[in-house]
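Inside the fold
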Amino acid sequence: MEEEAEAEEQQRFSYQQRLKAAVHYTVGCLCEEVALDKEMQFSKQTIAAISEMTFRQCENFAKDLEMFARHAKRSTINTEDVKLLARRSNSLLKYITEKSEEIAQINLERKTKKKKKLEDENKNLNEPSEAGADESES
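Only a predicted model underlies this, so the values are computations on that prediction, with no experimental measurement involved.

Regarding its fold elements, the chain presents four helices and zero strands. Counting helices and strands in the order they occur from the N terminus, the chain gives α-α-α-α. Radius of gyration (C-alpha) of the chain: 27 Å, far over the 14 Å computed for a compact globule of 138 residues. Considered along the principal axes of its C-alpha atoms, the chain spans approximately 90 × 55 × 30 Å. Taking all 138 residues of the chain together, the buried fraction comes to 10%. A sequence separation of at least 24 residues applies to 28% of the contacts in the chain between residues at least 6 apart. As displayed, the chain offers around 12300 Å² of accessible surface, 55% of which is attributable to carbon and sulfur atoms. Across the chain, the mean location of the 23 positive side-chain charges is 6 Å away from that of the 28 negative side-chain charges.

Here you go:
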């Protein structure tokens, strides 16, 4: 039992290290772009510090989102939780709200299209039987 817990902890640590490496790589790429654009340099220590700060901030965001959902007595994080998290940044909140509305509109269109397709299929299934009933009455 203890070995399983240790293996699970090791797996979690490994996963976290891969995530940190991905964040570090992405931050490095972004710093490289900025360096080229602004004609400046970033030291390796600066990139590492930005990476660590970014990773910790993402962990805090994840915990906050989990707490928002839990407070609402839900087990799933939804867009309202994300909007609540972004409330301090007007531009980010506006962007998230716009994207959320776009997604909602797309989902509504898909739902409407699916409903219409089902209605058409049901209509086609009912038409032949109605035609058969008319013939038998003659």
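Attention now moves to the state of the cysteines. Evaluation of the coordinates by the stated rule reveals zero disulfides. This cysteine, C29, is not joined by any disulfide, and C31 carries the nearest cysteine sulfur, 9.5 Å off. Lacking any disulfide linkage, C58 is separated from the closest cysteine sulfur, that of C31, by 15 Å.

Another aspect to go through is the environment of A69. When you line up the elements, A69 lands in helix α2 (residues 44–71). For A69, a relative accessible area of 3% gives the class buried. Setting aside its immediate chain neighbours within four residues, A69 contacts R74, T76, I77 and D81.

Here is what the cut-offs are and how they apply
- Residues numbered from 1 in each chain as written.
- Predicted model: local features only at pLDDT ≥ 70, side-chain atom pairs only at ≥ 80, totals over all residues.
- Heavy atoms only, no water.
- Helix = DSSP H or I, 4+ residues; strand = E, 2+ residues; numbered from the N terminus.
- Rg over C-alpha atoms; globule rule 2.2 N^0.38 Å.
- Buried < 20%, exposed > 50% of the residue type's maximum accessible area, 1.4 Å probe, protein only.
- Contact = heavy atoms within 4.5 Å.
- Areas by Shrake-Rupley, 256 points an atom, 1.4 Å probe, with all protein chains shown as cover.
- Lys, Arg positive; Asp, Glu negative; His and termini not counted.
- Charge placed at Lys NZ, Arg CZ, Asp CG, Glu CD.
- Disulfide = S-S within 2.5 Å.

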